[in-house]
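Listed below are the residues making up each chain.
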Number of protein chains: 2
Amino acid sequence: MADDQLSRVFAALADPTRRDMVARLAVGDATVGELADPYDVSVQAVSKHIRVLNDAGLVSQSRDAQRRPCHLEAEVFDLMTKWIERYRQQAQERYDRLDAVLAEMRGDEQPTHPGNREQGAAS
Amino acid sequence: MADDQLSRVFAALADPTRRDMVARLAVGDATVGELADPYDVSVQAVSKHIRVLNDAGLVSQSRDAQRRPCHLEAEVFDLMTKWIERYRQQAQERYDRLDAVLAEMRGDEQPTHPGNREQGAAS
DNA sequence: TTTCTCCTCAACCAAGTGGTTGACAACGGG
DNA sequence: CCCGTTGTCAACCACTTGGTTGAGGAGAAA
């Protein structure tokens, strides 16, 4: 597992249990015990999951006596969203260009200027 | 690794090499060899990466003689985006409510969360 | 103080991952 | 037809991962 943050975030969310915990934390902060309750695994295992989410920057923990309340750091989601949107859009534009070319080949559409359709967008 | 699609997609993108390949494929389809070229690993390793992307539904392969051109299936991104946005928004709403409560307790009139610069840049 | 609760650390284990090399199937060009 | 190109499959290896159990620290509670 590469050690850059984006990789860690994706890897952290690749586990359904951890996604579930994130869903739980989106509702409100929770202690380790509260997070562990719904699952049929040891508290230690849940503690490990939290550590993974923590390392990814998705969750932070504070102190309250013996308890360690977990808090969702939702800003990290933007990191993923940005990456995803970038390439989704890029691919989408490519399909759109292809559509335009196909339409042009069929004479479906008025060609604004023949052969001027490629590589137009400036990032 | 759980076998549901969302898990597979996240896991597939948890590897920088595979994210790189997705970036490459967003520009246009490519053969396995073309995808392997920039990297200092064997073609077999790249073939394995492609298989992972394939199993996640992110990439499809067709036939062209001996070649197996890879094609990016960008719709799968929506699966992730939906999941992410759901909990990001949920968490955001919670912070907003907290802001409101805090403001009310202080008798304040400008509710602003301390560590909460701005919300959705890319939605 | 002693005890109980909440949680983490350490060691261990089975299974999975990302890489390697070697073999080989499929196909086009001589 | 044989040969080079392209890519996958199979076996293997080091390392990681998600789980376990046991030990123990930090605080409240008795």
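A.B. asks: So what's going on with the overall build of chain A? Residues and values would help.
C.D. replies: Assigned secondary structure in chain A consists of five helices and two strands. Scanning chain A from its N terminus toward the C terminus, one meets helices and strands in the order α-α-α-α-β-β-α. A buried classification covers 25% of the 123 residues belonging to chain A. The long-range fraction of contacts in chain A, counting pairs at least 24 apart against all pairs at least 6 apart in sequence, stands at 47%.

A.B. asks: Would you mind going over the protein's contact with DNA strand C in detail, with residue names and values included?
C.D. replies: Near DNA strand C, the surroundings consist of 23 residues, among which Thr 31, Gly 33 and Ser 47 of chain A together with Ser 42 and Ala 45 of chain B are the closest. Mapped by element, the contributors of at least two residues to the surface near DNA strand C are helix 3 (32-36) and helix 4 (43-55) of chain A together with helix 4 (43-55) of chain B. Per element, the largest residue contribution to the surface near DNA strand C is five residues, and it comes from helix 4 of chain B. Residue classes in the surface near DNA strand C are distributed as eight nonpolar, eleven polar and four charged.

A.B. asks: I'd love a proper account of the interface of chain A and chain B, names of residues and values included.
C.D. replies: Think of interface size as the accessible area that goes away when the parts come together; that is how it is often given. Counting from both sides, the interface comprises 29 residues of chain A and, opposite them, 28 residues of chain B. Where the side of chain A that touches chain B is concerned, the elements lending two or more residues are helix 1 (5-12), helix 2 (16-27) and helix 5 (76-105) of chain A. Partitioned by chemical class, the residues of the side of chain A that touches chain B number 17 nonpolar, five polar and seven charged.

A.B. asks: Quick one: what's the story with the packing of helix 2 of chain A against helix 4 of chain A, residue by residue and with numbers?
C.D. replies: All names here are of chain A. The geometry of helix 2 relative to helix 4 is characterised by a closest axis approach of 10 Å and an angle of 75° between their N-to-C directions. Between helix 2 and helix 4, the crossing angle belongs to the class labelled roughly perpendicular. Touching Thr 17, Arg 18 and Met 21 of helix 2 are His 49, Val 52 and Leu 53, all from helix 4. Here the residues of the contact of helix 2 with helix 4 are counted per class, giving three nonpolar, two polar and one charged.

A.B. asks: A description of the relation of the copies chain A and chain B should follow, citing residues and the corresponding values.
C.D. replies: The two copies are related by a screw motion: chain A maps onto chain B through a turn of 180° and a shift of 0.1 Å along the axis, at an RMSD of 0.1 Å. Look at the turn and shift together and you get a two-fold axis relating the two.

A.B. asks: Summarise the protein's contact with DNA strand D; cite the residues concerned and give the values.
C.D. replies: Every one of the 23 residues lining DNA strand D counts as a neighbour, but Ser 42 and Ala 45 of chain A together with Thr 31, Gly 33 and Ser 47 of chain B are closest to it. Contributing elements (two or more residues each) for the surface near DNA strand D: helix 4 of chain A together with helix 3 (32-36) and helix 4 of chain B. Per element, the largest residue contribution to the surface near DNA strand D is five residues, and it comes from helix 4 of chain A. Residues belonging to the surface near DNA strand D are distributed by class as follows: eight nonpolar, eleven polar and four charged.

A.B. asks: Which residues make up the confidence of the model for chain A, and what are the values?
C.D. replies: Scored by pLDDT, chain A has a mean of 86; 85% of the residues are at 70 or more. The model gives residues 110-123 of chain A a pLDDT under 50, and that stretch makes six contacts with residues more than four places away or in other chains.

A.B. asks: Quick rundown of unusual backbone geometry? Include the residues and the values.
C.D. replies: Trans peptide bonds make up the majority, and among non-glycine residues the majority have a negative phi. Residue and element names in this part refer to chain A. At Ala 65, a position not held by glycine, the phi torsion is positive, near 55°. By the element assignment, Ala 65 lies in the loop between strand 1 (59-61) and strand 2 (70-72). Residue Ala 65 is classed as exposed on the basis of its C-beta count, with 5 C-beta atoms lying within 10 Å.

Cut-off values and rules
- Residues numbered from 1 in each chain as written.
- Chains lettered and ligands numbered in written order.
- Predicted model: local features only at pLDDT ≥ 70, side-chain atom pairs only at ≥ 80, totals over all residues.
- Helix = DSSP H or I, 4+ residues; strand = E, 2+ residues; numbered from the N terminus.
- Buried ≥ 20, exposed ≤ 12 C-beta atoms within 10 Å, placed from the backbone.
- Contact = placed C-beta atoms within 7 Å.
- Near = placed C-beta within 6 Å.
- Nonpolar A, V, L, I, M, F, W, Y, C, P; charged D, E, K, R; others polar.
- Axes fitted to C-alpha atoms, helices over the stretch in contact; angles between N-to-C directions.
- Parallel < 35°, antiparallel > 145°, perpendicular 65-115°, else oblique.
- Least-squares fit on C-alpha atoms with pLDDT ≥ 70 in both.
- pLDDT = per-residue confidence, 0-100.

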